[in-house]
Structure formats: C-alpha cells, structure tokens
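Here is what each chain is made of, one letter per residue.
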Amino acid sequence: MTQDELKQAVAEAALAHVPEGEIIGVGTGSTANFFIDGLGRMRDRIKGAVASSEGSATRLAALGIPLFDLNEIESLSVYVDGADEIDAQLCMIKGGGAALTREKIVAAVAQRFVCICDASKKVPVLGRFPLPVEVIPMARMQVARALVALGGRPVWREGVVTDNGNVILDVHGLSITDPVGLELQINQIVGVVTNGLFAARPADVLLLGTANGVQTLKRD
C-alpha cells in the first residue's frame, strides 16, 4: 500500500470512533484531511466540529459541516488528529504543519484523543523528526539560544507564520527519552508559546496503518 492509502485506511477506521450527535475535535494535516473527507459523508449524524487550524476549518466548511468556537464548548468527546512521530507510550511530536498550539488546545479539551498515522511515524525514541516550537517573533533568537543550551539545533522555519501570528523553530538533534519533562522544560522558556511534544497529554488510542491493516493500540 502507498502512504496515502495507509492514511486513508486509518482515517476511515477513525470514523468508528465518532459519536453521533456531538461536536468533534478535528486536527490538521494530510492524514486529518482524509478524516475530514470521511466526516463529510456523515455530516448529518454529527452536530459539528471544532477545527485546530484555519486550513481544516475551510475544508470542514466546504463539506457543509458546522463549525464551533472552542470557547462555546466545555468538553469534546473526541479529538482526531495525526502525528509526525509517536512512541510506544503514545507520546507524540506534532507541528509539521505549524498548527501545534491550536492542536494542543483542542486536545486538552477532549475526553479522548485518537491519533491516526501510518506505520512510518511510530518510533522507539522521539526526536528523529525535528521538534517544532512556536515562538513569539521578537523572542526568536533568545529562545534559539536556550534551545541550544538544551542540546538542540534550532532552525527557523523561514517564511512560515502560524495562524496565531508567530514563528516556528524546528529543533534538530534531540533524542527525547523524557518527553513529559522536556515538554514542560521548553514551555518554560520565555517567549515560547508551546512546543510540539504531546506528552503531558498523549493520545489515548493510536490507529496505525500497516501493510497488514489498521492496528489499534491503547495507552496503558
């Protein structure tokens, strides 16, 4: 199967985790786009969606799915999104599409986080994929120096501005053996909005696309 076929398979599998009559949290990225397309076929069975990016909001609206502001909602039953990397504990690196802050906010409100990705994203140790860090523009160099002190090699993702008006530093060269600790440590750097480690709030369920079909893994 091609990578797109694997993404399509996990996106279809995720539709079984969508409760009827509720508002669904929806992620960002190529795998999430396949999920959005599937959600469009069942739009009459859900109340609507909260999108984690302007891009996903546009795609949802085009399919006739009502959009809700997260401030109007106390809780979401489920949030479905992809990952750039995920480990055995279902901790993730996200943010390749620069939507990490809004993704993390929506995930925090969800009772259940369903991660959908192909088998190439599952790794023994996080860090091969550069860790995105969203930064207030005036703090870019100050934050970069602090990230170097942590052992990383930050690279400014030039030309990219997040939906929140900020910039992204991609941190290379990390071997992340303590995802929860590093997530908290980086978030304490002045000027950091948040970073792409989803470890304090990992996924609850992983739908992993493999050559032998979709595997379901659950957090202990």
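It should be noted that the structure appears before, not after, this text.
(A) Spatial organisation of the packing of helix 2 (residues 30–41) against helix 3 (residues 54–62). Interaxial distance between helix 2 and helix 3 falls to 9 Å at its minimum, and their mutual angle equals 25 degrees. Regarding the angle of helix 2 to helix 3, the classification is roughly parallel. In the crossing of helix 2 with helix 3, the sense of the turn from one axis to the other is right-handed. Facing helix 2, whose interface residues are N33, I36, D37 and L39, helix 3 presents S56, R59 and L60. Partitioning the contact of helix 2 with helix 3 into residue classes produces three nonpolar, two polar and two charged.

(B) Examining the environment of D204 more closely. Along the chain, D204 falls in the loop between strand 11 (197–198) and strand 12 (205–210). Of the residues examined, D204 reaches a relative accessible area of 17% and is grouped as buried. Taking C-alpha positions, D204 is 8.5 Å from L217, a pair spaced 13 residues apart along the chain. Setting aside anything within four residues of it in sequence, one finds D204 in contact with L90, Q111, R112, F113, L217, K218 and R219.

(C) Geometry of the side chain of E183. With respect to the secondary-structure elements, E183 resides in helix 6 (residues 179–187). With relative accessibility at 5%, the residue E183 sits in the buried group. A distance of 2.8 Å separates a polar atom in the side chain of E183 from the backbone nitrogen of A200. Setting aside residues up to four positions removed in sequence, E183 forms contacts with K104, N195, L197, F198, A199 and A200.

(D) Fine view of the pattern of salt bridges. Scanning all chains against the criterion turns up twelve salt bridges. Salt bridges here are not isolated pairs; linked through shared partners, they connect D81, K94 and E103.

(E) Quick peek at unusual backbone geometry. Phi is positive for L90, which is not a glycine, with a value near 65 degrees. Tracing the backbone through its elements, the reader meets L90 in the loop between strand 4 (85–86) and strand 5 (92–93). Since its relative accessible area comes to 0%, L90 is described here as buried. Located in the positive-phi region is A98, a residue other than glycine, with phi close to 70 degrees.

(F) Examining empty space enclosed by the protein more closely. Across all of its chains, the model carries one cavity of 30 Å³ or more by this definition. Put simply, the largest cavity is a space of about 40 Å³. No other element matches helix 4 (residues 100–109), which puts three residues into the lining of the largest cavity. Within the lining of the largest cavity, the residues separate by chemical class into three nonpolar, three polar and three charged.

Rules behind the numbers
- Residues numbered from 1 in each chain as written.
- Predicted model: local features only at pLDDT ≥ 70, side-chain atom pairs only at ≥ 80, totals over all residues.
- Heavy atoms only, no water.
- Axes fitted to C-alpha atoms, helices over the stretch in contact; angles between N-to-C directions.
- Helix = DSSP H or I, 4+ residues; strand = E, 2+ residues; numbered from the N terminus.
- Parallel < 35°, antiparallel > 145°, perpendicular 65-115°, else oblique.
- Left-handed = near helix turned anticlockwise from the far one by under 90°.
- Contact = heavy atoms within 4.5 Å.
- Nonpolar A, V, L, I, M, F, W, Y, C, P; charged D, E, K, R; others polar.
- Buried < 20%, exposed > 50% of the residue type's maximum accessible area, 1.4 Å probe, protein only.
- Polar contact = N/O pair within 3.5 Å; in protein donor to acceptor, adjacent residues only side chain to side chain.
- Salt bridge = Lys/Arg side-chain N within 4 Å of Asp/Glu carboxyl O.
- 1 Å grid on protein atoms, 1.4 Å probe; cavity = no way out; pocket = protein on both sides within 12 Å on 5 of 7 lines; lining within 4 Å.
- Points joined across faces, edges and corners; volume = space filled by probe spheres on them.

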